[in-house]
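Here is what each chain is made of, one letter per residue.
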Amino acid sequence: MTERSRAYEDLPREHPFEPLRVEGELPPGLEGTLFRAGPATSGRFGLRYSHAFEGDGAVCATKLAGGAAFGAVRMVQSDGYREETEAGRLLYGFSAPWWRRMLNLARGKQKNTANTAALVWNDRLFALMEGATPVELERETLETIGETTLGNVVGRTFSAHPHVVGDRLINFGSRYGKQPGVDLYAWPKDSACRHLGFAPLPDNRMIHDFAVTERHAVFFASPVSIQLLRAILNIGPFERLVRWRPELGTEVVVVPLAAPERARRFTTEPFFQWHFINAFEDGEELVVDACVYPNFDSMGAIGVDGVELALPEYARCRINAARTSLRRETIGDAPVEFPSVLAEDEGRRSTDAFCLSMDHGRRALIRVDPERGVVDRFDYPEGAGPSEPIYVPSGPGGAGHLLTLVHDADSHTSALHVFDAQRLEGGPVARAHYDHHIPFTFHGRWAAA
Ligand SMILES: [Fe+2]
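Overview of the structure.

About the cut-offs
Residues numbered from 1 in each chain as written. Predicted model: local features only at pLDDT ≥ 70, side-chain atom pairs only at ≥ 80, totals over all residues. Heavy atoms only, no water. Disulfide = S-S within 2.5 Å. Donors = N, O, S within 2.8 Å, 3.2 Å for Na, K, Ca; no water. Helix = DSSP H or I, 4+ residues; strand = E, 2+ residues; numbered from the N terminus. Buried < 20%, exposed > 50% of the residue type's maximum accessible area, 1.4 Å probe, protein only. 1 Å grid on protein atoms, 1.4 Å probe; cavity = no way out; pocket = protein on both sides within 12 Å on 5 of 7 lines; lining within 4 Å. Points joined across faces, edges and corners; volume = space filled by probe spheres on them. Nonpolar A, V, L, I, M, F, W, Y, C, P; charged D, E, K, R; others polar. Arc of directions from axis to C-beta. Contact = heavy atoms within 4.5 Å. Polar contact = N/O pair within 3.5 Å; in protein donor to acceptor, adjacent residues only side chain to side chain. Core = buried A, V, L, I, M, F, W, Y, C linked by side-chain atoms within 4.5 Å. Pairing = 2+ DSSP bridges. Salt bridge = Lys/Arg side-chain N within 4 Å of Asp/Glu carboxyl O.

### Side note on the state of the cysteines
- In total, this model carries zero disulfides according to the counting rule given.
- Looking at the unpaired Cys-291, the closest cysteine sulfur is the one in Cys-355, lying at 5.5 Å.
- Not engaged in a disulfide, the cysteine Cys-317 finds its nearest cysteine sulfur in Cys-291; these two sulfurs lie 11 Å apart.

Structure representation (structure tokens):
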């Protein structure tokens, strides 16, 4: 039987930085802040949202300094969220009255839920979601500064899955309608964001994440069709905005970053991925690692417990030099999700990836060597819900720490768990406890002090 997961229950309170209870010893030298974002409401004003993805976003910051830990969490005050607060009722989304949805359509307005990822780049903090522009926040107080187009550069959307390769951040924004495709953006360190170009797609598809190498952006446009009329008219429920159409196959799009107009495209068998692990150039070929599902059933498992579904595999996909075919093999047998590699390795051949592994309610943190499979793991007891592990290097040779925000179902509280990244098996070396739960967070970034 399925039921709504307690980890997704509404944020009980917002607060500025306050001390967290620390168990164990925080590693000396591990100083900085982990920013994370996720949906923090399951509805408003007595109405329930139909899917976790509709939840209004909050950003949570866990700061480690001088052997102590501090936590802060705030709702993202996007324009739409603030308007609803002032009106005392829902004005956007599927639960708004039909006339209001028509008005939103006429005005071209939607609520920016900012509920998918926290990004720190060029000393600025943003909350991101895939169907809107970034929302900027103040780093110390988490107060919302406002929605931004990064200086009139970003169109309607800026995905929640940017990748930093070398010294620039690469991201995309989906464009829907008669000429669907993706806009590509490059935002170098200490410089301004710019639009690189546009790569068309054959039809309107949901694209959650992409892969980036030093020279290319790669999209696996799985056959998840956006139901455009429903999306435009805001007709719910959320899950029916998208439809799994395996007969279309997965469209692979390889975009040269230096010349996006020279993108190459081919169709391969249908599969789905939320997340990419890493990608690199191997001579003329491209190697793309992703957490691959055979279908789109996982959409219905987000925010609820007890859904039986095919689990994601660590897939290594090799795209040939002519960009006409893809060869896919599975590495190891552990399910993998929410992957991260060493930041300096993004876009290059990397050694290990850290992932969340899940198997029928049981979760684990694993380290996967693409040559050997799982080389280290920590299994959580039932009821413990870790989130995306973030790898923080501390020195040469792969030394570092792994951080994950964990929800404990028994106490219904959350804590930051700190692992020695070389020894997951030994369990967390420190835990920093919030006195309440943080609703499940999807993605975040570590900002060193
Ligand atoms: Fe994601």
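### Re the coordination of the iron ion
- Coordination of the iron ion by the protein is provided by His-161 (NE2), His-208 (NE2), His-275 (NE2) and His-443 (NE2), with metal-donor distances spanning 2.1 Å.
- The sequence pattern describing where the donors of the iron ion fall on their chain is H-x46-H-x66-H-x167-H. Taken as a pair, His-208 in the loop between β16 (194-200) and β17 (211-212) and His-443 in strand β37 (residues 443-448) lie far apart in primary sequence, 235 residues in all.
- The buried category is assigned to His-208, whose relative accessible area is 8%.
- Taking the relative accessible area as the measure of exposure, His-443 reaches 8% and is therefore buried.

### Considering empty space enclosed by the protein
- Per the counting criterion, the structure on display carries five cavities of 30 Å³ or more.
- Roughly 60 Å³ of internal volume is contained in the largest cavity.
- Residue lining of the largest cavity: Ala-7, Gly-385, Ser-387, Leu-405, Val-406, His-407, Ser-414, Ile-438, Pro-439, Phe-440 and Thr-441, and that is the complete set.
- Considering every element that reaches the lining of the largest cavity, the biggest residue donor is strand β34 (residues 400-408), with three residues.
- Taken together, the residues that form the lining of the largest cavity break down as six nonpolar, five polar and no charged.
- Forming the boundary of the second largest cavity are Met-206, Ile-207, His-208, Asp-209, Phe-220, Ser-222, Phe-272, Gln-273 and Phe-276.
- Top contributing element to the lining of the second largest cavity by residue count: strand β23 (residues 272-282), with three residues.
- Residues belonging to the lining of the second largest cavity are distributed by class as follows: five nonpolar, three polar and one charged.

### Description of the layout of surface pockets
- For the second largest pocket, the calculated volume is near 1,200 Å³.
- Lining the second largest pocket are 41 residues, and of these Val-164, Ala-343, Glu-346, Arg-445 and Trp-446 lie nearest its centre.
- Those elements giving two or more residues to the lining of the second largest pocket turn out to be β9 (117-121), β13 (163-165), β23, β28 (337-340), β33 (390-393) and β37.
- Looking at which element gives the most residues to the lining of the second largest pocket, the answer is β37, with six residues.
- Looking at the lining of the second largest pocket, its residues break down into 22 nonpolar, eight polar and 11 charged.

### Concerning helix α2 (residues 98-107)
- For α2, the set of buried residues is Arg-100, Arg-101 and Asn-104. All buried residues of α2 lie within an arc of 100° about the axis, which places them on one face of the element. Among the exposed residues of α2, those oriented more than 90 degrees off its buried face are Trp-98 and Ala-106.
- Looking at the buried residues of α2, the elements they touch are α1 (79-87) and α3 (228-233).

### Digging into the side chain of His-417
- The residue His-417 is located in strand β35 (residues 413-420) in this model.
- Of note is the side chain of His-417, whose polar atom sits 2.9 Å from the side chain of Tyr-380.
- Once you skip the residues sitting within four places of it in the chain, His-417 turns out to touch Tyr-380, Leu-402, Leu-403, Thr-404, Val-406, Pro-428, Ala-430 and Arg-431.

### Considerations on α1
- Among the residues making up α1, those that are buried are Gly-80, Tyr-81 and Glu-84. Buried positions in α1, seen along its axis, are confined to an arc of 100° and lie on one side of it.
- If you follow the buried residues of α1, they end up packed against β5 (43-44), β8 (68-75) and β12 (144-147).
- Downstream of α1 by one or two residues, Gly-88 has phi in the positive range, about 75°.

### Regarding the nonpolar core
- Formed by 33 residues in total, the largest nonpolar core has its most connected members in Met-206, Trp-274 and Phe-296.
- Where this core is concerned, the elements lending two or more residues are β19 (224-226), β23, β29 (353-359) and β34.
- Leaving out residues up to four positions away in the same chain, Trp-274 has contacts with Phe-53, Met-206, His-208, Asp-209, Cys-291, Tyr-293, Phe-296, Ser-298, Met-299, Ile-302 and Glu-337.
- Core analysis: the second largest hydrophobic core is formed by 24 residues, Leu-34, Leu-64, Ala-430 and Ala-432 among them.

### Remarks on the sheet that holds strand β18 (residues 216-221)
- Read across the sheet, four strands follow the order β17-β18-β21-β22 without closing on themselves; strand pairing throughout is antiparallel. Two strands close off the open sheet at either side, each with one partner strand: β17 and β22 (264-268).

### Quick notes on the pattern of salt bridges
- Here the structure, examined in full by the defined rule, presents 28 salt bridges.
- We note a salt bridge from Glu-23 to Arg-431, for which the minimum N-O separation is 3.9 Å. Of this pair, Glu-23 sits in strand β3 (residues 21-24) while Arg-431 sits in strand β36 (residues 430-433); the two residues are 408 residues apart in sequence, bridging distant segments of the chain.
- Accessibility expressed as a relative area gives 33% for Glu-23, which makes it partly exposed.
- Take Arg-431: its relative accessible area is 27%, and that puts it in the partly exposed class.
- Glu-214 is the partner of Arg-348 in a salt bridge, and the nearest nitrogen-oxygen pair spans 2.8 Å. Pair noted here: Arg-348 is in the loop between β28 and β29 and Glu-214 is in the loop between β17 and β18, with a separation of 134 residues, a long-range link.
- Assessed through its relative accessible area of 33%, Arg-348 is described here as partly exposed.

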